[in-house]
Amino acid sequence: SQTIHQWPATLVQPVGSPLSLECTVEGTSNPNLYWYRQAAGRGLQLLFYSVGIGQISSEVPQNLSASRPQDRQFILSSKKLLLSDSGFYLCAWSEDSRGELFFGEGSRLTVL
Amino acid sequence: SQQGEEDPQALSIQEGENATMNCSYKTSINNLQWYRQNSGRGLVHLILIRSNEREKHSGRLRVTLDTSKKSSSLLITASRAADTASYFCASYSGAGSYQLTFGKGTKLSVIP
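### Focus on the interface of chain B and chain A
A common way to state how big an interface is: give the accessible area lost once the parts meet. Contacts between chain B and chain A engage 23 residues on the former and 22 residues on the latter. For the chain B and chain A pair, buried surface summed over both sides reaches about 1,800 Å², with 52% attributable to carbon and sulfur atoms. In this structure, the connection of chain B to chain A is made through one salt bridge. Between R41 of chain B and E105 of chain A there is a salt bridge, with its nearest N and O atoms 2.5 Å apart. Summed over the shared surface of chain B and chain A, the number is eight residue pairs in polar contact (both at pLDDT 80 or more). The greatest single-element share of the side of chain B that touches chain A, amounting to four residues, is contributed by strand β4 (residues 31-37) of chain B.

### Quick word on the packing of aromatic side chains
Scanning all chains against the criterion turns up eight aromatic pairs over all chains. Put simply, the rings of Y34, Y36 and F103 of chain A together with Y35 and F102 of chain B touch in pairs and so form one group of aromatic residues.

### A short note on the pattern of salt bridges
All names here are of chain B. Inspection of every chain in the model, using the stated rule, returns six salt bridges over all chains. With its nearest N and O atoms 3.9 Å apart, the salt bridge here joins R36 to D83. With a gap of 47 residues between them, R36 in strand β4 and D83 in the loop between β8 (71-76) and β9 (85-92) connect regions that are remote in the sequence. With respect to class, R36 is no different from D83; both count as buried. For E55, the salt bridge is made with R62, and the minimal N-O distance between the two is 3.0 Å. In the salt-bridge network here, residues are joined through shared partners; they are R36, R60 and D83.

### Some details on the confidence of the model for chain B
For chain B, the average pLDDT comes to 91, and 94% of its residues sit at 70 or higher. Within chain B, strand β1 (residues 4-7) of chain B has the poorest average pLDDT of any element, 80, and strand β7 (residues 61-66) of chain B the best, 98.

### Describing the sheet that holds strand β3 (residues 19-26) of chain A
Strand-to-strand pairing in sheets goes through backbone hydrogen bonds, with the strands running parallel or antiparallel. All names here are of chain A. Pairing is antiparallel in the open sheet, where four strands are placed in the order β1-β3-β8-β7. In this open sheet, the two edge strands, each paired with only one partner strand, are β1 (3-7) and β7 (64-70). Strand after strand, the sheet turns through a mean of 15° between neighbouring axes, direction not considered. Here β7 pairs with strand β8 (residues 73-78) via five bridges, running antiparallel. Looking at the pairing, S67 lines up with I75 of β8.

### Remarks on the state of the cysteines
Every disulfide links exactly two cysteines, by a covalent bond between their sulfur atoms. In total, this model carries two disulfides over all chains according to the counting rule given. Disulfide pairing is shown between C23 of chain A and C91 of chain A; the S-S distance is 2.0 Å. For the disulfide bridge between C23 of chain A and C91 of chain A, the dihedral angle about the S-S bond is near -80°, and by the sign convention the bridge is left-handed. Pair noted here: C23 of chain A is in strand β3 and C91 of chain A is in strand β9 (residues 87-94), with a separation of 68 residues, a long-range link. Looking at C91 of chain A, the relative accessible area reads 0%, which means it is buried. Residue C23 of chain B pairs covalently with C89 of chain B via a disulfide, S to S 2.0 Å. Disulfide C23 of chain B-C89 of chain B: the torsion about the S-S bond is 75°, which places it as right-handed. Highlighted residues: C23 of chain B in strand β3 (residues 19-25) and C89 of chain B in strand β9, separated in sequence by 66 residues.

Rules used throughout
- Residues numbered from 1 in each chain as written.
- Chains lettered and ligands numbered in written order.
- Predicted model: local features only at pLDDT ≥ 70, side-chain atom pairs only at ≥ 80, totals over all residues.
- Heavy atoms only, no water.
- Contact = heavy atoms within 4.5 Å.
- Buried area = accessible area lost by both parts, 1.4 Å probe.
- Salt bridge = Lys/Arg side-chain N within 4 Å of Asp/Glu carboxyl O.
- Polar contact = N/O pair within 3.5 Å; in protein donor to acceptor, adjacent residues only side chain to side chain.
- Helix = DSSP H or I, 4+ residues; strand = E, 2+ residues; numbered from the N terminus.
- Phe/Tyr/Trp six-rings, centres within 6.5 Å; stacked < 30°, edge-to-face > 60°.
- Buried < 20%, exposed > 50% of the residue type's maximum accessible area, 1.4 Å probe, protein only.
- pLDDT = per-residue confidence, 0-100.
- Pairing = 2+ DSSP bridges.
- Axes fitted to C-alpha atoms, helices over the stretch in contact; angles between N-to-C directions.
- Disulfide = S-S within 2.5 Å.

Now the structure itself:
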């Protein structure tokens, strides 16, 4: 069966520090991968998606970036965090472009 | 932009009652999906209804879709305290889009 792992679960970082959130999927190959952000009491905002290694599409301009160094690994990064980067980050995968998404447990980032 | 908007934003019911949540969307869809999120956790896919379907059942869940009104509803019958969670509708916005867009969700509280 397929599983998705996302870490770290919680993170407290000072403004201006770097960020790296990791997500790996097991039990499937060539998944579509997604990074979403959820602000408190809000819906989900798609940040990045990837349909293959090295293929990253960004949905919103920001100081975040994403990379897919391996087929089942998706990394969300920032060189310098802003206060507004605080939120709940969710990684997800899907088998195809119209199917259901399978989410990780999320990473809660607090920027102070 | 939000593709789906849930209504109501919050719903509080007694255990055993039925809970109905509504979702409206803006553009034509291939399918509409409902997800559940327990507090502080990732989202879990509940049910997917295709644009050519009008009603779908899964256990205590019943989903309807009215493409003429661009709306969907999720009915949870005989609710339990464990159903307490936020519920989101989501759909892919437009042909060729990889972006599964979520509404802001309905927060359901089931009182024992």
